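So you can see what is in the structure, the chains are spelled out below.
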Amino acid sequence: MEQEKKIIKELEARPVQTTAVHCDRILVPTDGSGQAFIAVQRAIELAKSTGAGITLLMTVDLNRNVAAFEQVSLSGYVPAELKIAAYQYLADLMHVVPPEVHAHVRVETGVPGETILDVAEEEESDLIVMGCRGFGTFRSLLLGSVSSYVLQHAACPVLVVKGMPPDWDDEDNFQVDIGEE
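So, a few notes on the structure that sits alongside this text.

Definitions and cut-offs
Residues numbered from 1 in each chain as written. Predicted model: local features only at pLDDT ≥ 70, side-chain atom pairs only at ≥ 80, totals over all residues. Heavy atoms only, no water. Salt bridge = Lys/Arg side-chain N within 4 Å of Asp/Glu carboxyl O. Helix = DSSP H or I, 4+ residues; strand = E, 2+ residues; numbered from the N terminus. Polar contact = N/O pair within 3.5 Å; in protein donor to acceptor, adjacent residues only side chain to side chain. Contact = heavy atoms within 4.5 Å.

## Side note on the pattern of salt bridges
- Evaluated as defined, the whole model comprises 4 salt bridges.
- R42 is paired through a salt bridge with E45; the nearest N and O atoms lie 3.2 Å apart. Linking R42 with E45, this pair stays in helix α2 (residues 34-50), spanning 3 residues, or about one helical turn.
- Here E108 makes a salt bridge to R106, at a shortest N to O gap of 2.8 Å.

## Structural notes on the side chain of T30
- By the element assignment, T30 lies in the loop between β1 (25-29) and α2.
- Here G32 takes part through its backbone nitrogen, which lies 3.1 Å from a polar atom of the side chain of T30.
- Setting aside chain neighbours within four positions, we find T30 in contact with A36, L57, M58, T59, Y89, L90 and L93.

Have a look at this one:
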């Protein structure tokens, strides 16, 4: 007991070290889901408290949006509808960013996890804030998990945000149907 009191006194006598959080650039990848929307909200809160700027990123994933046989016929061409829809979604999303938070948007084409890491490196991001679908370990192994990939490979800290907006339905998720009239 006497030894514990001595240790406690020594700890109390030490000066408290404070470290300021340095965060100038926050990358916020979004796929238009409710989970990603919650991540945008958290990133805005962090940007307000640290003075950081935000990059809202949407990756056009041809594997998800264009059938394999259509990709071959496109010969590397990205359908304009995909990029236009992504820019429109991000423009709408910018309306939730308050004027005191500096933010800009980017649309890139590629595999989402790899693209997020490339953009984070290119923009020298201090933090990546992203949503998580919450499938769990087994299901994410089967389906692949962008947030898991980014967590494992990012050079900067990654904040994975869970949850959904209370009134969010699957119909609210961003979707693009190309080639249908």
